[in-house]
Amino acid sequence: MIDNVTVELSRLQFGLTAMYHFLFVPLTLGLSILLGIFESVYVMTGRTIWRDITKYWGLLFGINFAMGVATGITMEFQFGTNWAYYSHYVGDIFGVPLAIEGLMAFFLEASFIGLFFFGWDRLSRVGHLVVTWLVALGSNLSALCILVANGWMQHPVGAKFNPASMRMEVANFSDVLFNPVAQAKFVHTVSAGYVTGAVFVMAISAWFLLKGRNIAFAKRSMTVAASFGLASALSVVVLGDESGYNASENQKMKLAAIEAMWQTEAAPASFTAFGFPDTVTHSTRDAIEVPWVMGLIGTRSFSEKIPGIINLVEANKARIASGEAAYGALEQLRKHPEDTAARTSFNAHVDDLGYGLLLKRYTDKVTDATPEQISKAAWDTVPNVPALFWTFRIMVGLGFFFIAFFAFAFWLSAKHRLDTYNWFLRLALVILPLPWIAAELGWFVAENGRQPWTIDGILPTFLSTSSLTAGNLWLSLGGFVLFYSVLAVVELYLMVKYIKLGPEAEFPSSTALGAPALSLPKGGR
Amino acid sequence: MSYLTYEHLRVIWWLLLGVLLIGFAIADGFDLGTAILLPFVAKTDGERRVVINTVGPVWEGNQVWLILGGGAIFAAWPLVYAVSFSGFYLAMLLVLCALILRPAGFKYRSKLENTRWRETWDWLLFVGGFIPALIFGVAVGNALLGAPFTFDDTMRMTYHGNLFGLLTPFALLCGLVSVAMLTMHGGTWLAVKTEGPVAERARSATLYAGLALIVLFALGGLWVKYLDGYQIVGAIAHDAASNPLGKTVVRKSGQWLANYSAQPWTILAPILGFGGALLAMLATRAQFAIGAFIASSLAVAGVVATAGLSLFPFILPSSTDPSASLTVWDASSSRMTLFIMLIAALVFVPIVLAYTSFIYYVLRGKVTEDKVEADHFSY
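All chains use their own residue numbering, which begins from 1 and follows the written sequence. The order in which chains are written sets their letters, starting at A; the order in which ligands are written sets their numbers, starting at 1. Only residues with pLDDT of at least 70 are given local features in this predicted model, and only at 80 or more are side-chain atom pairs given and counted; all residues enter the totals for whole chains, interfaces and linings. Here the side-chain values reflect all heavy atoms present in the structure, with hydrogen atoms and water set aside.

**Some thoughts on the packing of helix α4 (residues 125–154) of chain A against helix α6 (residues 180–210) of chain A**
Residue and element names in this part refer to chain A. Axis lines are fitted through C-alpha atoms, for helices just across the contact stretch, and the angle between N-to-C directions can take any value from 0 to 180 degrees. Each helix corresponds to a stretch of at least 4 residues labelled H or I by DSSP, and each strand to a stretch of at least 2 residues labelled E; elements are numbered beginning at the N terminus. In the contact formed by α4 and α6, the axes pass within 8 Å of each other and the chain directions differ by 135°. Taken together, α4 and α6 sit at an angle that is classed as oblique. α4 and α6 meet at a crossing whose hand is right-handed. Contacts between α4 and α6 involve N140, A143, L144, L147, V148, N150, G151 and Q154 from the first element and V181, A182, K185, F186, T189, V190 and Y194 from the second. Classifying every residue of the contact of α4 with α6 by side-chain character gives 9 nonpolar, 5 polar and 1 charged. For classification purposes, angles smaller than 35 degrees are called roughly parallel, those larger than 145 roughly antiparallel, those between 65 and 115 roughly perpendicular, and all remaining angles oblique. For a crossing to be left-handed, the near helix must be turned anticlockwise from the far one by less than a right angle; the clockwise case is right-handed. Two residues qualify as a contact provided that any one of their heavy atoms is within 4.5 Å of a heavy atom in the partner residue. Under this grouping Gly is polar, as are all residues other than the nonpolar Ala, Val, Leu, Ile, Met, Phe, Trp, Tyr, Cys and Pro and the charged Asp, Glu, Lys and Arg.

This is the structure:
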């Protein structure tokens with residue numbers, strides 16, 4: 001039997017280190033593209049202020065990038081260190097996008113980042129611009145590979161179980177690569193990164209404007225960030241909707257949990273905008289419902305039903321019973337690979353093998369499960385409904401807020417009034433943490449909503465861990481918390497210091513330009 | 001695909017694993033060696049910035065060899081990844097912390113003028129070089145000794161050891177071989193990229209480290225002669241589904257040297273190790289910096305290849321249950337995964353090597369205190 005403490009500590013450590021890593025990733029994704037845009041303007045116009053804009057945001061980019069790289073190594077190692085059974089069970093498929101990420105994307109990004117910083121005087125203007133875009137391309141390709149891997153965890157296509165090696169193996173690689181869930185997740189995630197980059201540039205530029213510093217510099221940065229942010233904010237929500245549609249096809253339980261939809265409703269189902277999901281009575285108190293919306297978003301039809309949690313649990317009981325049969329046949333096949341009756345039975349039930357494995361929480365033997373144990377295991381397939389209900393709503397709310405914010409910023413920039421309203425500048429500054437909150441909540445919804453599985457329907461989380469002692473895990477978890485906290489303090493300290501120093505400390509030429517720009521007529525850029 | 005049997009693909013991926021590890025040891029090896037040498041070859045702050053900036057623009061790219069090594073082991077040898085990373089748990093986390101110190105150290109050290117801040121980061125960078133160099137060597141030592149792991153019938157692995165169990169005398173000797181090798185390698189790099197007193201000190205460090213490498217490597221070879229190696233008895237299918245529980249393995253003293261008598265050409269690997277180190281020392285004395293760096297790279301390749309060839313076809317033997325050892329024939333991914341990964345490697349490795357060469361070409365030339373001072377982005 002697997003020690004529950006090991007499982008929970010491993011989950012906590014993975015969750016903490018992954019979320020910590022994702023504090024740095026979105027800014028890398030967003031700023032890398034913005035740097036490419038800034039520098040493209042420089043190369044096209046030849047105005048040095050755009051070079052200085054690129055260099056200054058590049059400096060902040062570098063401070064953030066170092067932490068992204070540092071915490072990324074942890075992620076690459078952690079599947080092996082803490083999730084050894086997972087690594088064995090699905091490494092044949094899951095390892096491939098990770099390896100290709102290193103080969104195709106991370107090499108590109110990490111190799112050219114050095115030239116981005118050290119190549120300004122060694123490369124031609126166009127040469128350096130190409131380098132900057134290659135860094136942006138590398139970081140975005142990197143996200144693509146990681147989301148192909150993660151998309152497969154959510155919707156494991158193109159793989160089959162091999163009893164001889166006791167693991168999942170690739171059956172159709174292009175299905176893994178072109179997994180629709182992965183594609184939608186990729187655009188959704190990088191767009192969230194672009195929003196983060198845009199908000200970051202907006203907020204710090206707004207701070208400069210409030211202080212009356214680097215006016216020309218800040219206004220130009222903001223103009224680019226406003227339009228880039230608007231496009232990205234729209235893309236996040238549209239692709240978020242696509243993810244929701246995918247979930248209704250492939251992860252029905254996750255969708256039902258997010259909506260706290262306990263019972264199947266008549267189509268098209270209504271959307272619960274607000275309410276208090278109760279996991280004991282299996283109902284949602286004080287619900288405010290918007291008719292039709294859920295059904296239309298989830299199924300894009302008027303007639304298709306979205307199944308509720310209770311109905312899904314009932315269906316899963318049957319799958320668990322079938323999984324029990326698969327497990328029995330598998331045990332027989334491991335001992336006697338030539339047993340054709342066992343092979344036939346296994347092939348008939350193999351799709352439910354993962355559901356059978358859920359029983360391991362209650363009985364080691366699996367095939368002797370009582371109806372009561374099956375019922376318990378079936379209810380285990382329901383994730384944490386209240387947590388998902390709320391985190392999802394906050395995330396979506398933030399998504400719509402970003403659209404409104406950037407639409408207004410875009411309008412201001414079109415009217416050349418970005419620095420007109422102090423309240424707007426203060427707003428731009430105080431919303432700085434919001435994109436990070438939205439991104440972290442997004443991952444929470446995606447990953448917590450997949451529970452109790454690491455690979456949806458294939459491998460339960462509690463079976464995925466390494467055989468580690470609680471002592472080792474406490475030691476590593478404590479070490480991470482301590483070490484990461486110190487690094488966070490150092491990073492934030494330097495980030496704030498260099499923001500306060502501003503571009504004028506590094507590139508006096510752009511400050512010289514900053515003063516006369518004030519006297520230029522409106523729109524004089 | 002029909003010409004490439006499962007057996008071929010497994011051997012190819014064993015070779016590619018070697019290529020990746022050698023790539024890491026050569027490329028990121030000189031970064032680690034440079035970090036080890038940092039407090040010793042550079043005395044003033046200006047000198048230290050020179051040393052850091054010799055690797056500043058390239059270390060991130062170099063480190064990808066390690067990330068890629070991890071990813072490739074995951075994808076091509078999932079069981080090796082699962083067993084070694086979770087079995088060597090605390091050692092891996094120690095490496096991880098040390099490696100995380102590097103990006104922070106390189107990037108943040110010179111961002112403040114404070115002497116104490118910079119001194120602290122210099123020593124942390126030393127730790128970030130020394131610990132991984134030592135532990136990677138210790139890990140290879142433990143692969144040669146065998147690791148205490150067993151599988152149950154669902155292939156769940158149990159590890160019967162702890163961190164201190166890894167630090168046996170033989171494993172520590174392997175760790176020191178690795179430290180000496182990478183220190184030598186870092187020394188030759190610094191001799192290429194710096195001038196004046198720093199280069200002078202780097203050259204003398206190269207000579208000492210090269211000598212240490214030759215002595216320790218020879219000692220290791222001698223020790224292995226009396227060490228229990230592992231041998232598969234009876235037949236093992238080379239193209240069956242990966243299941244490490246279907247064979248019989250025995251331990252046998254001196255068995256790790258058997259490959260060298262069975263396939264005499266393999267003796268080239270240790271010869272390359274010794275010869276490369278000797279050549280690196282000679283070239284260093286002759287102040288032929290590039291020659292020394294190339295010779296040192298060959299030595300690194302030779303030493304890593306020696307470990308791999310001694311183990312073949314084993315990758316990670318089990319000391320508790322030798323028959324559950326992980327070998328080339330029963331610990332790989334499926335044939336299709338190995339094939340897909342081979343295509344990806346054939347497409348991307350040449351591209352990576354091409355742009356890496358381009359980047360080193362653009363960044364050619366010595367790093368000096370004046371240049372470090374003049375560049376805003378210097379570390």
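**Concerning the pattern of salt bridges**
Salt bridges are counted wherever a side-chain nitrogen of Lys or Arg sits within 4 Å of a carboxyl oxygen of Asp or Glu. Overall, the coordinates contain 22 salt bridges over all chains when judged by the stated rule. Where D419(A) meets K219(A), a salt bridge forms, and the shortest distance between an N and an O atom there is 3.6 Å. Here the residue D419(A) occupies a position in the loop between α14 (385–414) and α15 (422–430), and K219(A) occupies one in helix α7 (residues 215–250), the gap between them amounting to 200 residues. By relative accessible area, K219(A) is classed as partly exposed at 29%. Several salt bridges converge on common partners, so that one network encompasses D45(B), R48(B), R109(B), R118(B), E119(B) and D122(B). Partly exposed describes any residue whose relative accessible area lies between the buried limit of under 20% and the exposed limit of over 50%, with all areas from a 1.4 Å probe on protein chains only and scaled to the type maximum.

**Remarks on the nonpolar core**
One recurring pattern in soluble globular proteins: nonpolar side chains tend to sit buried together. Side-chain atoms within 4.5 Å link the members of a nonpolar core, which is a set of buried Ala, Val, Leu, Ile, Met, Phe, Trp, Tyr and Cys residues. One finds W57(A), Y89(A), F406(A), W77(B) and Y108(B) to be the most contacted residues of the largest nonpolar core, which totals 297 residues. Element by element, the count of residues in this core is highest for helix α3 (residues 84–118) of chain A, at 21 residues. Counting residues in each nonpolar core, the second largest holds 6 residues, with L255(A), M261(A), F271(A) and I306(A) among its members.

**Here's the deal with the interface of chain A and chain B**
With 82 residues of chain A at the contact, the number on the chain B side is 74 residues. Accessible area, probed at 1.4 Å, shrinks when two parts are joined; the buried area is that loss added up over both. Here chain A packs against chain B, burying approximately 6,900 Å² in sum over the two surfaces, 73% of which is carbon and sulfur. Between the two partners, chain A and chain B, sit 0 salt bridges. Taken together, the elements giving at least two residues each to the side of chain A that touches chain B come down to α2 (48–82), α3, β2 (167–170), α10 (309–335) and α17 (470–506) of chain A. Tallied by class, the residues present in the side of chain A that touches chain B amount to 50 nonpolar, 21 polar and 11 charged.

**So, the packing of aromatic side chains**
Centres within 6.5 Å are what make two rings of Phe, Tyr or Trp a pair, Trp counting through its six-membered ring; a difference in plane orientation under 30 degrees is then read as stacked, over 60 as edge-to-face, and the rest as tilted. A complete count under the given rule lists 66 aromatic pairs over all chains for this structure. Taking the centre distance of 6.1 Å and the plane angle of 25° together, the rings of F401(A) and F405(A) count as stacked. In this pair, F401(A) and F405(A) are both assigned in helix α14, 4 residues apart and thus about one turn of the helix distant. In this structure F405(A) comes out as buried when scored by relative accessible area, which is 4%. Feature note: the residues F14(A), F77(A), F79(A), W83(A), Y86(A), F94(A), F74(B), Y81(B) and F85(B) constitute an aromatic cluster, connected by ring pairs. We note R10(B) situated over the ring of Y6(B); from NZ or CZ to the ring centre the distance is 3.7 Å. Above the plane of the ring of Y85(A) lies R156(B), whose end atom (NZ or CZ) is 4.3 Å from the centre. By definition here, charges over rings are those cases where NZ of Lys or CZ of Arg is within 6 Å of the ring centre and within 35 degrees of the ring normal.

The quantities given are spatial measurements derived from coordinates; they are silent on function.
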